[in-house]
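Listed below are the residues making up each chain.
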Amino acid sequence: MLEAERLAVIRSVFSCEQAGAEALASAVRDAIFPHKAVIAHQGDLAQHCWVVVAGSAQAQINSADGQLTLLASHGPGEIFGSFPEPAALRSDIVAQGSLHLLCIETVTLVGLARHSADIAHGLSLLFARQLDLMLDRMTARTTLTANGRVYSELLRLAGPANRIEPPPVLSALALSVHTTRETASRAIAHLLRRGIVSRTEEALVILAPRQLAELVA
């Protein structure tokens, strides 16, 4: 990533001015992980915060009966790790797709926030946005059908471009919305038959976003 692009990403994520972005840029490092790589294990002492630039980082835990459970999924612009001090991780952190992170030591981020009102304000906005997004996901989990959750997640992943590139992995998509792979597969097959989406090896494209939104129920 070019330095100018890196600064632009930091400014966008932390909602800070150029000086704050430059201070953060000097303290963060890039980390790239392949699909299904384990970034950290449950119980590890986390001494960093990670910001997702591209891809998705999933917090996964094995329950007492051996069932894999998704606690959270962190997409572009979201932060995870330990804050405001190092702490043991509650789950494994696993990459979904090629994952690009910006990594910063927790004590360094706290120090920057203490000395820069701009960074502190940006950090508070970042955590507030993330809490709001998490509440939206919890609401969807309790009020939408399994198909509705799949459709809602497709809209979220596609964003304004109405394009998911590369296309979502069915097992990962199902896990993220707490349903089975078979249910996710049938839901997407329904969209393909109706011409609402198209799918190739390179991308899944939402051709009729309004129709897809109407199916979210």
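Because the structure is predicted, anything quoted here is derived from the model rather than measured.

## A short note on the pattern of salt bridges
And then number 1: This structure, assessed with the given rule, holds five salt bridges.
And then number 2: The salt bridge involving Glu-3 is made with Arg-6; its shortest N-O contact spans 3.8 Å. Residue Glu-3 and its partner Arg-6 are both found in helix 1 (residues 3–14); the two are separated by three residues, about one turn of the helix.
And then number 3: Across the pair Arg-163 and Glu-165 runs a salt bridge whose closest N-O atoms are separated by 3.1 Å.
And then number 4: Overall, Arg-163 belongs to the partly exposed group, its relative accessible area being 38%.
And then number 5: A relative accessible area of 55% means that Glu-165 is categorised as exposed.

## Concerning the layout of surface pockets
And then number 1: Space inside the largest pocket adds up to approximately 740 Å³.
And then number 2: Lining the largest pocket are 31 residues, and of these Gly-55, Ser-56, Pro-76, Arg-156 and Leu-157 lie nearest its centre.
And then number 3: Looking at the lining of the largest pocket, the elements with two or more residues in it are strand 4 (48–62), strand 5 (68–74), strand 8 (92–105), helix 4 (117–143), helix 5 (146–158), strand 9 (163–164) and helix 6 (170–176).
And then number 4: Grouping the amino acids of the lining of the largest pocket by side-chain chemistry returns 12 nonpolar, 13 polar and six charged.
And then number 5: Taken as a whole, the second largest pocket encloses approximately 630 Å³ of empty space.
And then number 6: As for the second largest pocket, its lining consists of 22 residues, of which His-74, Ile-79, Phe-80, Gly-81 and Arg-90 are closest to the centre.
And then number 7: Elements that contribute at least two residues to the lining of the second largest pocket include exactly strand 4, strand 5, strand 6 (79–81), strand 7 (87–88) and helix 4.

Definitions and cut-offs
- Residues numbered from 1 in each chain as written.
- Predicted model: local features only at pLDDT ≥ 70, side-chain atom pairs only at ≥ 80, totals over all residues.
- Heavy atoms only, no water.
- Salt bridge = Lys/Arg side-chain N within 4 Å of Asp/Glu carboxyl O.
- Helix = DSSP H or I, 4+ residues; strand = E, 2+ residues; numbered from the N terminus.
- Buried < 20%, exposed > 50% of the residue type's maximum accessible area, 1.4 Å probe, protein only.
- 1 Å grid on protein atoms, 1.4 Å probe; cavity = no way out; pocket = protein on both sides within 12 Å on 5 of 7 lines; lining within 4 Å.
- Points joined across faces, edges and corners; volume = space filled by probe spheres on them.
- Nonpolar A, V, L, I, M, F, W, Y, C, P; charged D, E, K, R; others polar.

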